[in-house]
Amino acid sequence: MTGELATSSRKRDHLIICCENPIEAGDPGFKDVRLVHDALPECDMDAIETRTRFLGATLGSPLFIAAMTGGHPDTLEVNRRLARVADRYNLGMGVGSQRAALEKPELEESFTIVREEAPHAFLCANLGIIQLRDHGIEWAERAVEMIDAQAIAIHVNSLQEAIQPEGDHNAEGCLAALSTLCEEFSYPVIVKETGSGISAGTARIIRGAGASAIDIGGYGGTSWAKVERLRAKDSRLAELGEAFLSWGIPTVVSLCEVRKAGGPIIATGGLRSGIDVAKAVALGADLGGMALPLLKPAMESEDALITAVEAIHRELEVAMFLTGSRTIRDLSNARTYITGLTRQMIETSD
């Protein structure tokens, strides 16, 4: 199988595995976070405003449709439904890695459908940092142009690369490539982890390189070690995936570390409700991203996806009401209690 076909086939494998298997691992830490209840909220729940700003765009809510799929014909309908819902609710949305379509242009439709169905949405293109290093700014430009995006996410996925049979084990030169992109690119650059989290030290390096925002991609949601373990035909790779199931920085801990570096933050990794989105905002995130909780209803139907998004928004609004938060800015100043192992990790972080 050629490299281009292998990439496309891998995207389909990932989609099937994520929908048919339990592929989450660990605890993102949200159970250890409590929003402080306001018994006298002095606001009208029906007048609560969920609109927010991110990288110059006004969005309908801090719910972000996190990068999921694309690059195989079977993913087209899923992206169509996600895009339609993003446009309906004015949500930000990221597409999956565009590597397959950049290698094989006939696969572009599974990505271009997103802009066609979401003409007004804030869209993020997606390119791996290894591909950025190897192909330069030209691929970043093509990725943005493919979906007429307003920003690009450069994803870092060292754990997945280390385990998958097709993985690239050489990460040298990636920081230099990122710095060059941030300096010369005309669109905002978001650095995105994919399930292992980002530390305070790494966040400072990313911000120093010129990135406009960070998507923490913390531990506790979809585990790519688990996904690659399920894909593995080689028992040694399966065992390696098993050994690293607990690797990473839990999402809440990563969020508390990354906020030290300043700048806009997308919190992804194990968010499963509107309450989790509210907690993430209160802890310093600008947006709260979800992938798997939206992928499953998107696989079912557009109506199922709409139902899921409306439930998340209703939970967010109630959480805002119960903290006396009329706006997302108010929510960002809401008090929290953090307990348990999550608190211990935060207190010992640098």
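Quick note: structure is the one above.
Residues numbered from 1 in each chain as written. Predicted model: local features only at pLDDT ≥ 70, side-chain atom pairs only at ≥ 80, totals over all residues. Heavy atoms only, no water.

1. Here's the deal with a nonpolar patch on the surface
Put simply, the rule is: Every patch collects residues that have over 30% relative accessible area and no salt bridge, joining them within 9 Å if they carry like charges and within 5 Å if they are nonpolar side chains (Val, Leu, Ile, Met, Phe, Trp, Tyr). The Shrake-Rupley method, run with a 1.4 Å probe sphere, supplies the accessible areas, and residue values consider only the shown protein chains as cover. For this analysis, a salt bridge means a side-chain nitrogen from Lys or Arg found within 4 Å of a carboxyl oxygen belonging to Asp or Glu. The secondary structure listing takes helices from DSSP runs of H or I that are at least 4 residues long and strands from runs of E that are at least 2 residues long, numbered from the N terminus. Note on exposure labels: buried denotes an accessible area under 20% of the residue type's maximum, exposed denotes more than 50%, and partly exposed covers the range between, all computed with a 1.4 Å probe on protein chains only.
On the surface, a nonpolar cluster with roughly 280 Å² of combined accessible area is contributed by Leu240, Phe244 and Trp247. Relative to the helices and strands, leucine 240 is located in helix α11 (residues 235-243). Assessed through its relative accessible area of 31%, leucine 240 is described here as partly exposed.

2. Some points on helix α6 (residues 137-147)
Let me state the cut-off plainly: Whether two residues touch is decided by their heavy atoms; if any such pair falls within 4.5 Å, the residues are in contact.
Listed as buried for α6 are Ile137, Trp139, Ala140, Ala143, Val144, Met146 and Ile147. On the buried face of α6, the contacting elements are α3 (99-103), α4 (109-117), β6 (123-128), α5 (129-135), β7 (151-156) and α8 (174-184). Positive phi shows up at aspartate 148, right after α6, with a value of about 50°.

3. As for the environment of valine 252
When you line up the elements, valine 252 lands in helix α12 (residues 251-258). On the accessibility criterion, valine 252 (0% relative accessible area) is buried. Sequence spacing of valine 252 and glycine 197 is 55 residues, and the spatial spacing of their C-alpha atoms is 9.4 Å.

4. Some thoughts on unusual backbone geometry
Of note in the backbone geometry, glutamate 42 takes a positive phi value of approximately 50° without being a glycine. Take glutamate 42: it is sitting in the loop between β1 (33-35) and β2 (52-54). Accessibility expressed as a relative area gives 64% for glutamate 42, which makes it exposed. The phi torsion at aspartate 148 lies on the positive side, around 50°, for a residue other than glycine. Structurally, aspartate 148 is set in the loop between α6 and β7.

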